[in-house]
Amino acid sequence: MRTQVVIIGAGPSGLLLGQLLSRSGIDNVILERQSAEHVLSRIRAGVLEQGTVDLLRQAGVSERLEHEGQVHHGVEFAIDGKRERLDLHELLDGRCVTVYGQTEVTRDLMAARKASGGITLYHASAVQPHEIAGESPYVTCQIAGESVRIDCDYIAGCDGFHGVSRQAIPAGVLTEYERVYPFGWLGLLSDTPPASEELIYASHARGFALCSMRSATRSRYYLQVDAGDAVENWSDERFWEELKARLPEETAAQLVTGPSLEKSIAPLRSYVVEPMQYGRLFLVGDAAHIVPPTGAKGLNLALGDVRNLHLLLERAYRTGNPSCLERYSELCLKRIWAAVRFSWWMTTALHRFPDTDAFTQRVQDAEWRALLDSRAGRTTIAENYVGLPFPALD
Ligand code: APR
Ligand code: PHB
């Protein structure tokens, strides 16, 4: 089999890249280890930056998002029992965020892939890129017991943090930057009305909590828990009690609780690999970087990489000159580090660390006051939350 671009991974990054390339007339095949149902069963964040919504619109996959996504003009912080709203819309001349689950973005992209007739090979095992430093790369895998080889011009590694693409780059080429946080997030999904119309990021002496939502009748909540904690330790009752203890009294009093539809613990990590390319292999999204979920940057950053790689590949094929592709990593990394900084800061400023002493805590409280009491401070948080602009290609 031969194609122009082999995409490894059918998460949101791989599927959006496939969609954009197909619309530019660039032939591509997607290889995914899991089934489509498994990919759709993963529950991830749900806040889309303005630029992400615009990108999905350009890709022709925004119809349902525009109907069902909730446009949020603000976001709230509850710092030690007091709720304060950032009016994103007012601070940023009308820019805002849209709440629409990553699972739904993935579902829409899968539907578009099916409609365009693009090939996605699910249940692909032993996926392996070859000859990435040369002119004629190819990818091998096993599908239903058969060996498959796909020759191509380029390989896009959209296979997430645990994927094979990053591993295919020779030792010594990549530099890794990492921070592992000493806590995780316990998430709970329930068919209950959200605590508030907008998200509430809460910092409390008992630990961080987040009130988010998927719709007017479905809520998503998170609690900071110790790194070694297990879901089995958290009955629904214990979860709701702890959430109430971390929220301002009036918010806790109005909270509607109900049975959990899903509960899981995710570790928190910041990770970046540089450069994000080697020869004809390009790393995209979680394959190249992870941010903690505080600030909901993961999906937005991933789709920013997709936007850059699509534009560069489109130019390379149109002009017949692939040299622009050398700039992929550099083009992505500035915006990635800005988001890594923001999500590291949000995480640090909102969570309780095991070793935080009384002095550090006072400084943290003072930092929140310094930021929230000044328009410049509120604007800085708002700009980063709503998302920084995509880089210019030239
Ligand atoms: N072969 C084929 N597919 C693979 C392999 C492999 N060796 N390893 C992983 N995959 C697939 C996974 O099964 C998954 O479907 O690659 C896909 C990667 O998808 P994601 O992990 O969702 O990564 P990405 O598409 O970059 O999405 C960006 O944003 O909010 C964040 O972490 C969140 O998933 C989210 C990400
Ligand atoms: C979510 O709704 O799952 C969510 C929202 C905001 C975050 C993280 C997760 O920062």
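Just above, that's the structure.
Residues numbered from 1 in each chain as written. Chains lettered and ligands numbered in written order. Predicted model: local features only at pLDDT ≥ 70, side-chain atom pairs only at ≥ 80, totals over all residues. Heavy atoms only, no water.

A.B. asks: Tell me about the site of ligand 2, residues and numbers included.
C.D. replies: Close contacts around ligand 2 come from 15 residues, with Y201, S212, R214, Y222 and P293 the closest. Between an oxygen atom of ligand 2 and a main-chain N or O atom of P293, the distance comes to 2.7 Å. Within the backbone of A296, an N or O atom sits 3.2 Å from an oxygen atom of ligand 2. In the complex, the protein chains occlude 99% of the 280 Å² of accessible area that ligand 2 would expose alone. Elements represented by at least two residues in the shell around ligand 2 include exactly β15 (209–213) and β16 (219–226). When grouped by side-chain class, the residues that make up the shell around ligand 2 number nine nonpolar, three polar and three charged. (Near = heavy atom within 4 Å. Polar contact = N/O pair within 3.5 Å; in protein donor to acceptor, adjacent residues only side chain to side chain. Areas by Shrake-Rupley, 256 points an atom, 1.4 Å probe, with all protein chains shown as cover. Helix = DSSP H or I, 4+ residues; strand = E, 2+ residues; numbered from the N terminus. Nonpolar A, V, L, I, M, F, W, Y, C, P; charged D, E, K, R; others polar.)

A.B. asks: Summarise the site of ligand 1; cite the residues concerned and give the values.
C.D. replies: As a structural note, the neighbourhood of ligand 1 is formed by 24 residues, with S13, E32, R42, R44 and D286 the closest of them. One of the backbone N or O atoms of P12 is found 3.3 Å from an oxygen atom in ligand 1. Contact between ligand 1 and D286: an oxygen atom at 2.4 Å from a side-chain N or O atom of the residue. Computed on the free molecule, ligand 1 has an accessible area of 710 Å², of which 91% lies beneath the protein chains in the complex.

A.B. asks: I'd love a proper account of the sheet that holds strand β11 (residues 146–151), names of residues and values included.
C.D. replies: Taken together, three strands build an open sheet; the order of strands is β9-β10-β11 and the sheet is antiparallel. What marks the edges here is a single partner per strand, and that holds for β9 (124–130) and β11. Pairs of neighbouring strands in the sheet enclose a mean axial angle of 20°, with direction left out of account. Here β9 runs beside strand β10 (residues 138–143); their pairing, made up of five bridges, is antiparallel. Bridge pairing in β10 links A124 to I143. (Pairing = 2+ DSSP bridges. Axes fitted to C-alpha atoms, helices over the stretch in contact; angles between N-to-C directions.)

Keep in mind these numbers describe shape, not what the thing actually does.
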